[in-house]
Each structure stands twice: as C-alpha cells, then as structure tokens.
Amino acid sequence: MATAQAQTTGYREKLFGKHILILGGTSGIGLAVAEAAREFGATIVVSSSNPRKIDAAIRKLEEIQSGADTTTDDNGRVQGFPCNLDDLDRLEGNLKLLFEKATDGGRDKLDHVVYTAGNKVGSIPLADTNTKMITEHGILRFYVPIMIGKLSQNYMHNSPQSSMTFTSGVNNVKPVPGRVLMAGWGAGVEGITRALAVDLRPIRVNCICPGPTRTELFDDFPDEVLQPLLKKYMASTMTGTIGYPEDIAETYLYCMRDSFVDGTVIHSSGGYLLA
Ligand SMILES: NC(=O)c1ccc[n+]([C@@H]2O[C@H](COP(=O)([O-])OP(=O)(O)OC[C@H]3O[C@@H](n4cnc5c(N)ncnc54)[C@H](OP(=O)(O)O)[C@@H]3O)[C@@H](O)[C@H]2O)c1
C-alpha cells in the first residue's frame, strides 16, 4: 500500500522559481508579499492601476537579493503590468489582458495568484447609502475576486501546489458604525473563497482577514487625524499594536506554501476580535 510522503526538507525552496501574480502588489500588504516572495526566489508579477507605482515597485523588488539558490535564470524575475480593476464594464477584458501579459499568452502558467487591491473607504451613514454606492463598493471587493476565479483557470497550473489568495478584513466580522457596504462585500469574498475552492479544485483558494495595518492606505490622513486613529486601533488589539505589512505578508506566504490549506479564512489581527 502506498503511503503519503511528508516533505521534511526544502522548506526554504518552496517558493523558489514559482510564478506569482500579485494584483495590488505595488503598495502595502501586496508589496510586502511581493518582497517576501522575491526573497525566496520567486518570479513576481505585480499589478495595479498606476503605472508609476508599478515602476517604483519593480525598482524596489529588483533591489532585493534572493536568499535562495542563485544559480538559475528563474531566480526572482520581476515584471509589472497596469490593470485598472475599478471599471466594471471593462473588468473582464482588462483582467484577461493582464493574465495574458503575466503568462506570456498562457505559455508560462502561474503557480499563485494573490489579490490585495483595495481602495480607501470611510464610514458611510446608512441613511446616505444608495444602490449606486453599493455597486461601486462591490467592484474591487466582490466582482473582481469572482472574475479572477473565472479567468485564472486558463492561466494557472492545475495542481494542489497552486493557490489563489484573496483579502477581506476584520470589519466584516466586527464592524464599526457606518461600514455596512464594506462589511457586506467583505464577508462576500470569504464566501467566494469557499465556493471557488470547490469550483477550481485542486487549485487551493484561501482568504486573509487582516486587522488594522499601517499601510499607504492611511497616507493621506492628516497627522491630527492619523495619530488618534492609530492609537485607537492599538487599543483595540490584544497585542496593543497595529499590524505592519511584513507581518500580514506571512499569512499569504503560508497559503502559498502549505499545499493542504484550502477554502479557509486566516486572520492576522492581533486579537482584534477579542476586544
Ligand atoms: N490596511 C488595513 O488596515 C487593512 C485592514 C483590513 C483589510 N485591508 C485590506 O487589505 C487589502 C490591501 O490593503 P493595503 O492596506 O495594503 O492597501 P494599499 O497599501 O492602499 O494598497 C492597495 C493596492 O491596491 C491597488 N489598487 C487600488 N485601486 C485599484 C484599482 N482600481 N485597480 C487596480 N489596483 C488598485 C493600489 O495600487 P494603485 O493605486 O496603483 O491602483 C495598491 O497596489 C485591501 O483589500 C484592504 O481593504 C486593509
């Protein structure tokens, strides 16, 4: 009788030469995932809507020396392509074009897809909510993950070693006032994750649920707003800290590297839900 063989060596090489597309990989959590995967010798493709941010991310990633074996050509190539995900009418076409470019027309298939694109949303009083807003808030949070799931099948290795990782947020589970749209669509992506894990099997599909994390998402806040906000966030975790992209990035790496984790939501939130 054949017995399963556990892998007991080669942990450092698990991402070596792997081909990873990160949508939203030009700042914050996505860029940290790109940096970490690059350190492990992965080939990285970053995408977002702003070409200047893509160029800056590529320059930053190219400076990172891979800690893995440096003897092959596949050691951490970096590419980037713009793709605006916020245009509902062109969404499928834009995404398809991105997958085509990232895989050289489907010839160089992806091992992992990571989705961290997100935009700023403040609180919206329920009384001000209208149906147009509901749709607008759902594009990045709900429509895009479904279309990534649909399109990626033609561009990924069909294997349990392959994975797709989406992003939600603690607001879905523990909303503050005025977050109906965010919480609703955010919870939706966790449902999409489980359904895609079934539809795309054996490709694994997981979702990361970050707590408050200090990223570029907060860069436009004036200091007098930002500092009290950060203090409030820190007081709302068990660790007494806010998250940093390099912390949260570990959960995405884990989802890529553990070829038995599937259809699940992983939290990295400093115990935010316990407060
Ligand atoms: N930071 C937090 O506290 C926190 C907490 C819970 C959940 N999250 C979630 O985690 C994810 C990452 O957040 P982050 O803090 O890392 O944000 P971030 O630093 O602002 O990064 C967001 C990324 O999404 C890209 N993006 C924004 N709009 C886009 C569009 N229309 N088309 C394509 N790409 C677009 C941005 O690049 P361009 O500007 O070039 O498009 C950027 O690369 C988001 O889904 C966010 O909701 C964050």
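Below, the structure is looked at part by part. From a predicted model like this one, the values you see are computed outputs, not experimental measurements. (Residues numbered from 1 in each chain as written. Predicted model: local features only at pLDDT ≥ 70, side-chain atom pairs only at ≥ 80, totals over all residues. Heavy atoms only, no water.)

This next bit is on the overall build of the protein chain. Scanning the protein chain from terminus to terminus reveals seven helices and seven strands. Scanning the protein chain from its N terminus toward the C terminus, one meets helices and strands in the order β-α-β-α-β-α-β-α-β-α-β-α-α-β. Against the 2.2 N^0.38 benchmark of 19 Å for 275 residues, the protein chain shows a C-alpha radius of gyration of 19 Å, consistent with a compact globule. Taking the principal axes of its C-alpha atoms as reference, the protein chain extends roughly 60 × 45 × 40 Å. With 275 residues in all, the protein chain has 47% of them scored as buried. Within the protein chain, contacts between residues at least 6 apart in sequence are counted, and of these 77% link residues at least 24 apart. Of the roughly 13800 Å² of accessible surface on the protein chain, a fraction of 53% belongs to carbon and sulfur atoms. Considering the protein chain, the positive charge centre built from 27 side chains and the negative charge centre built from 31 side chains are found 3 Å apart. (Helix = DSSP H or I, 4+ residues; strand = E, 2+ residues; numbered from the N terminus. Rg over C-alpha atoms; globule rule 2.2 N^0.38 Å. Buried < 20%, exposed > 50% of the residue type's maximum accessible area, 1.4 Å probe, protein only. Contact = heavy atoms within 4.5 Å. Areas by Shrake-Rupley, 256 points an atom, 1.4 Å probe, with all protein chains shown as cover. Lys, Arg positive; Asp, Glu negative; His and termini not counted. Charge placed at Lys NZ, Arg CZ, Asp CG, Glu CD.)

On to the pattern of salt bridges. Scanning the model with the defined rule gives eight salt bridges in all. We note a salt bridge from Asp-87 to Arg-90, for which the minimum N-O separation is 2.7 Å. Two residues, Glu-136 and Lys-132, come together in a salt bridge whose shortest N-O distance is 3.0 Å. Of the two residues, Glu-136 and Lys-132 both sit in helix 4 (residues 131-152), four residues apart, roughly one turn of that helix. Taking the relative accessible area as the measure of exposure, Lys-132 reaches 57% and is therefore exposed. (Salt bridge = Lys/Arg side-chain N within 4 Å of Asp/Glu carboxyl O.)

Below, the discussion takes up the packing of helix 4 against helix 5 (residues 180-199). To characterise two packed helices, one gives the angle between the axes of the helices and the distance between these axes. Interaxial distance between helix 4 and helix 5 falls to 9 Å at its minimum, and their mutual angle equals 15°. Taken together, the axes of helix 4 and helix 5 are roughly parallel relative to one another. Classified by chirality, the crossing of helix 5 by helix 4 is right-handed. Here helix 4 contributes Met-133, Ile-134, His-137, Gly-138, Arg-141, Phe-142, Tyr-143, Pro-145, Ile-146 and Gly-149 to the contact with helix 5, which in turn contributes Leu-181, Met-182, Trp-185, Gly-188, Val-189, Ile-192 and Leu-196. Looking at the contact of helix 4 with helix 5 residue by residue, the classes come out as twelve nonpolar, four polar and one charged. (Axes fitted to C-alpha atoms, helices over the stretch in contact; angles between N-to-C directions. Parallel < 35°, antiparallel > 145°, perpendicular 65-115°, else oblique. Left-handed = near helix turned anticlockwise from the far one by under 90°. Nonpolar A, V, L, I, M, F, W, Y, C, P; charged D, E, K, R; others polar.)

Let us look at the site of the ligand. Taken together, 28 residues lie around the ligand, and Thr-26, Ser-48, Ser-49, Lys-53 and Thr-215 are the ones closest in. In this structure, Asn-50 approaches the ligand through a main-chain N or O atom, which is 3.0 Å from an oxygen atom. Of the residues contributing to the shell around the ligand, the split by class is nine nonpolar, 16 polar and three charged. (Near = heavy atom within 4 Å. Polar contact = N/O pair within 3.5 Å; in protein donor to acceptor, adjacent residues only side chain to side chain.)

The strand order 3-2-1-4-5-6-7 describes an open sheet built from seven strands, whose pairing is parallel. Each of the sheet's edge strands pairs with one partner strand only, and the pair in question is strand 3 (78-82) and strand 7 (265-268). Along the sheet, successive strands turn relative to each other by an average axial angle of 20°, direction set aside. Sheet topology places strand 6 (residues 204-210) next to strand 7; four bridges connect them, and they run parallel. (Pairing = 2+ DSSP bridges.)

Another aspect to go through is the packing of aromatic side chains. One pass over the full model with this rule turns up seven aromatic pairs. Relative to Tyr-233, the ring of Phe-218 has its centre 6.1 Å away and its plane inclined at 70°; by these criteria the two rings are edge-to-face. You can see Phe-218 sitting in the loop between strand 6 and helix 6 (223-235) and its partner Tyr-233 sitting in helix 6, a full 15 residues away along the chain. Neither residue differs from the other here; Phe-218 and Tyr-233 are each classed as buried. An aromatic cluster of three or more residues is present, and its members are Phe-142, Tyr-143 and Trp-185. Residue placement shows Lys-174 over the ring face of Tyr-272; its charged tip is 4.9 Å from the ring centre. Looking at Arg-257, its charged tip hangs above the ring of Phe-40, at a distance of 5.0 Å from the centre. (Phe/Tyr/Trp six-rings, centres within 6.5 Å; stacked < 30°, edge-to-face > 60°. Lys NZ or Arg CZ within 6 Å of the ring centre and 35° of its normal.)

Right, let's get into the state of the cysteines. A complete count under the given rule lists zero disulfides for this structure. Just so you know, Cys-83 is unpaired, no disulfide at all, and the nearest cysteine sulfur is the one on Cys-207, 20 Å from it. Free of any disulfide, Cys-255 has its nearest neighbouring cysteine sulfur in Cys-207, separated by 8.8 Å. With a relative accessible area of 0%, Cys-255 lands in the buried category. (Disulfide = S-S within 2.5 Å.)

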